[in-house]
Amino acid sequence: MNRIVAGLALLGVGLAVAVPVTAATFVDTERTVTIGAHNATARPTFDGHVTLVTGPLLPELRMPSDAVLGIGAEVVLRDSPATDLESVLAQDAAIASQPEGEIAAMTSEITEMGLAALQRGLAAGVIAMVVVGVGWVAVGPRRRRELRDQWPPEPRTALVGGVLAIVVLGAVMAYAPDPSTKREVAWVPIRQEFPELPDEARLAHVEISRGAATATSKAIVQGALDTYEESLAFYSSLAEKTKDVPVRAPEPGQTTALVVTDRHDNIGMDPVAREVARAADASFVIDLGDDTSNGASWEAFSIKSLRQTFEDLPILAVAGNHDTGKYILREMERNDFLVFDGEPTDVEGIRMIGESDPRSSGLTAGYNGNEGDNIAAITEQSEKLAEAACEDGEVSLMVTHSAASAKRTVQEGCVDLAISGHLHRQVGPTSTEGPQGTSTEVSIGSTGGAVYAFALGTKLRRDAQVAVLTFEAGRVVGLQIVTFKPGAVIDVGDYTTLPVPVAD
């Protein structure tokens with residue numbers, strides 16, 4: 001019994017240390033994150049809300065976090081690549097119309113901060129238990145009895161009570177917000193300030209700060225809300241229409257995959273593409289790259305949106321020439337994309353090969369650096385991929401951003417299908433008879449409906465496309481392309497059996 005009491009007492013010591021250390025560490029944690037079109041700073045709170053601090057010119061926004069213990073977050077927006085305030089707000093509004101990816105990312109960040117704080121608190125608790133336990137053993141039972149006999153019961157009880165009071169007070173002080181940092185903000189429902197907002201469930205609990213910023217910037221905010229409403233209306237309506245498209249479903253023994261490419265930040269099309277995947281009973285998603293305009297950190301929202309939209313499906317991907325640098329590749333891997341690395345791999349029983357585009361470009365149509373170097377890089381990649389695919393002999397599907405990267409493989413006839421994007425328009429399918437067999441190649445149009453390198457907006461600017469691939473016995477056997485026109489017209493292409501006839 002004494003050992004049980006001692007163990008419980010030791011556990012109490014550990015908890016008494018771990019709880020306040022965890023709470024204090026958690027509320028003092030701060031992280032740099034990307035929210036919408038902004039870099040931002042996020043820190044946890046215990047006020048039960050997620051609060052968006054937009055600076056002195058614009059009102060603040062908040063909504064309930066619905067998290068345990070009233071855990072919330074304060075997000076302070078920082079810089080954005082756009083310098084014009086109205087352009088920034090238009091981008092934010094379009095992103096806000098499809099917020100699931102951003103919500104999931106912020107939830108993940110706060111969870112990571114909480115786990116890190118918990119880890120530190122547990123470590124402190126364990127250290128306290130070890131110190132007290134070692135001290136207890138070192139003193140020994142005889143000396144403990146002597147010390148206990150020297151202290152009358154009343155002072156001893158008062159000492160224990162005092163220690164407990166200090167621990168509890170420390171925990172409360174760590175948990176409670178710092179009064180010096182508390183800001184007095186008057187909050188009102190956002191519909192009270194902007195009654196013309198759509199009857200959207202996600203806006204029901206959003207509140208806006210009332211003050212000078214709201215009054216002086218109401219016209220600017222109204223423009224952003226108009227953008228939000230237009231984007232939400234267009235893409236929600238298009239997604240609803242897509243539910244009825246007659247996409248070919250797989251037959252027994254077959255599987256399908258949805259292909260997207262050149263989204264260029266247009267996350268509005270993600271729910272639309274999702275409906276095609278549902279209709280086709282897709283087992284996984286293939287992303288052919290150019291998810292962003294120039295691979296900047298603020299464009300992480302595009303990757304997060306794709307992951308959240310297809311949270312239940314594997315996503316296979318390559319980065320495109322506009323996904324400049326390593327940031328987007330790291331963001332893909334961080335969001336559990338399977339990124340092709342130039343070596344044959346088996347996915348869902350299908351042998352595939354692919355690799356990210358070796359070039360990099362900015363917002364213009366041209367490429368950064370020397371054009372000759374870019375051509376040489378693509379040529380080298382084409383030869384390398386052909387060598388790997390032809391030597392393997394079992395590869396069915398090649399995934400690249402540009403058709404030029406698959407040129408040599410198609411000439412040799414080493415894969416059943418080489419699929420790419422990059423051109424923002426459909427080319428093919430066409431078949432080529434090579435020394436090792438017949439290869440079909442096709443380039444599909446921009447899923448984001450991109451004209452240039454940035455497609456985020458309230459509606460489509462040009463035709464957008466997705467493709468559905470059909471597989472059987474580990475080989476790609478069919479292709480179907482779905483086109484979405486700017487007038488919200490949906491054109492479901494005929495199902496094409498592969499390979500298509502070789503042209504004379």
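Participant: Explain the sheet that holds strand β13 (residues 350-355) to me, using residue names and the numbers behind them.
Facilitator: Pairing between sheet strands relies on hydrogen bonds along the backbone, with the strands arranged either parallel or antiparallel. On the basis of which strands lie adjacent, the open sheet formed by 6 strands has the order β12-β13-β14-β15-β17-β16 and mixed pairing. One side of each edge strand has no neighbouring strand; the edge strands of this open sheet are β12 (345-347) and β16 (427-434). Between one strand axis and the next, the sheet turns by 25° as a mean value, whatever way the strands run. Summarising the sheet, strand β14 (residues 397-400) and strand β15 (residues 417-420) pair through 3 bridges and their orientation is parallel.

Participant: Tell me about the nonpolar core, residues and numbers included.
Facilitator: Counting 35 residues, the largest nonpolar core has Leu258, Phe310 and Phe484 as the members making the most contacts within it. Ignoring any residue separated from it by four or fewer positions in sequence, one finds Leu258 in contact with Ala273, Val276, Ala277, Ala282, Phe284, Val285, Ile286, Phe310, Val466, Ala467 and Val468. If you look at the next biggest cluster of nonpolar residues, it comprises 25 residues, including Ala257, Leu417, Val476 and Leu498.

Participant: Describe the packing of helix α9 (residues 300-309) against helix α10 (residues 327-334), and please don't skip the residues or the numbers.
Facilitator: Where α9 contacts α10, the two axes come as close as 10 Å, and the packing angle between them is 25°. For the element pair α9 / α10, the angle class is roughly parallel. As for how α9 packs across α10, the hand of that crossing is right-handed. Contacts from Ala300, Ile303 and Lys304 in α9 reach Tyr327, Ile328, Glu331 and Met332 in α10. The residue inventory of the contact of α9 with α10, partitioned by class, reads 5 nonpolar, no polar and 2 charged.

Participant: An account of the environment of Asp281 is needed here, citing residue identities and associated values.
Facilitator: Checked against the element boundaries, Asp281 lands in the loop between α8 (270-279) and β9 (284-287). Through-space distance from the C-alpha of Asp281 to that of Ala257 is 8.2 Å; in sequence the pair is 24 residues apart. If we ignore the near neighbours within four places in the chain, the residues touching Asp281 are Pro250 and Thr256.

Participant: Mind laying out the pairing of strand β4 (residues 61-64), listing which residues take part and the relevant values?
Facilitator: The pairing of strand β3 (residues 49-53) with β4 spans 4 bridges and is antiparallel. By the bridge assignment for β4, Val50 is matched with Met63. Examined bridge by bridge, β4 and strand β7 (residues 207-209) share 2 bridges and lie antiparallel to one another. Across the sheet, residue Arg62 finds its bridge partner in β7, namely Glu207.

Participant: Describe the pattern of salt bridges, naming the residues involved and giving the relevant values.
Facilitator: The final tally for this structure, using the stated rule, is 15 salt bridges. Residue Arg408 is joined to Glu383 by a salt bridge in which the shortest nitrogen-to-oxygen separation is 3.8 Å. Here the residue Arg408 occupies a position in helix α12 (residues 407-412), and Glu383 occupies one in helix α11 (residues 371-392), the gap between them amounting to 25 residues. Judged by its relative accessible area of 42%, Glu383 falls in the partly exposed class. Here Arg475 ties to Asp416 by a salt bridge, and the two come within 2.8 Å at their closest N and O atoms.

Participant: With reference to specific residues and values, describe the side chain of Gln381.
Facilitator: Relative to the assigned elements, Gln381 resides in helix α11. Residue class for Gln381 comes out buried when judged on its relative accessible area of 5%. If near-sequence neighbours (up to four positions away) are discounted, Gln381 is found in contact with Glu355, Ser356, Pro358 and Ser405.

Participant: How would you explain the pairing of strand β18 (residues 464-472) if you had to name every residue and give the values?
Facilitator: When a strand is regular, its side chains alternate between the sheet's two faces. Among the 9 residues in β18, 8 count as buried, and that is most of the element. Two strands pair when backbone bridges link them, and strand β8 (residues 254-260) and β18 are joined in this way by 6 bridges, in the antiparallel orientation. Counted as the bridge partner of Ala257 is Leu469 from β18. Pairing geometry for β18 and strand β19 (residues 475-484), over 9 bridges, is antiparallel. Looking across to β19, one finds that Thr470 is bridged to Gly478. Taking the residues between adjacent antiparallel strands as the criterion, β18 and β19 are bridged by 2 residues, where Ala473 takes a positive phi near 50°.

Participant: Talk me through the packing of α8 against α9; I want residue IDs and the actual numbers.
Facilitator: Interaxial distance between α8 and α9 falls to 10 Å at its minimum, and their mutual angle equals 30°. Of the possible angle classes, the one that applies to α8 and α9 is roughly parallel. Two packed elements cross with a definite hand, and for α8 against α9 that hand is right-handed. Contacts from Asp270, Pro271 and Arg274 of α8 reach α9 at Ser305, Leu306 and Thr309. For the contact of α8 with α9, the per-class residue count stands at 2 nonpolar, 2 polar and 2 charged.

Participant: Describe α9, and please don't skip the residues or the numbers.
Facilitator: Of all 10 residues that make up α9, 8 are buried, and the element is covered over most of its length. Within α9, the full set of buried residues consists of Ala300, Phe301, Ser302, Ile303, Lys304, Ser305, Leu306 and Arg307.

Participant: Which residues make up the state of the cysteines, and what values do they have?
Facilitator: Scanning all chains against the criterion turns up 1 disulfide. Through a disulfide, Cys390 is tied to Cys414; the S-S separation comes to 1.8 Å. Across the S-S bond linking Cys390 and Cys414, the dihedral sits near 100°, which makes this disulfide right-handed. Separated by 24 residues along the polypeptide, Cys390 in helix α11 and Cys414 in the loop between α12 and β15 bring together distant segments of the chain. Considered together, Cys390 and Cys414 belong to a single accessibility category, that of buried residues.

Participant: Outline the environment of Gly72, listing residues and values.
Facilitator: Along the chain, Gly72 falls in strand β5 (residues 72-77). Spatially, the C-alpha atoms of Gly72 and Thr45 are 4.9 Å apart, while their sequence positions differ by 27 residues. If near-sequence neighbours (up to four positions away) are discounted, Gly72 is found in contact with Arg43, Pro44, Thr45, Asp47, Gly48, His49, Ser65 and Ile110.

Rules behind the numbers
Residues numbered from 1 in each chain as written. Predicted model: local features only at pLDDT ≥ 70, side-chain atom pairs only at ≥ 80, totals over all residues. Heavy atoms only, no water. Pairing = 2+ DSSP bridges. Helix = DSSP H or I, 4+ residues; strand = E, 2+ residues; numbered from the N terminus. Axes fitted to C-alpha atoms, helices over the stretch in contact; angles between N-to-C directions. Core = buried A, V, L, I, M, F, W, Y, C linked by side-chain atoms within 4.5 Å. Buried < 20%, exposed > 50% of the residue type's maximum accessible area, 1.4 Å probe, protein only. Contact = heavy atoms within 4.5 Å. Parallel < 35°, antiparallel > 145°, perpendicular 65-115°, else oblique. Left-handed = near helix turned anticlockwise from the far one by under 90°. Nonpolar A, V, L, I, M, F, W, Y, C, P; charged D, E, K, R; others polar. Salt bridge = Lys/Arg side-chain N within 4 Å of Asp/Glu carboxyl O. Disulfide = S-S within 2.5 Å.

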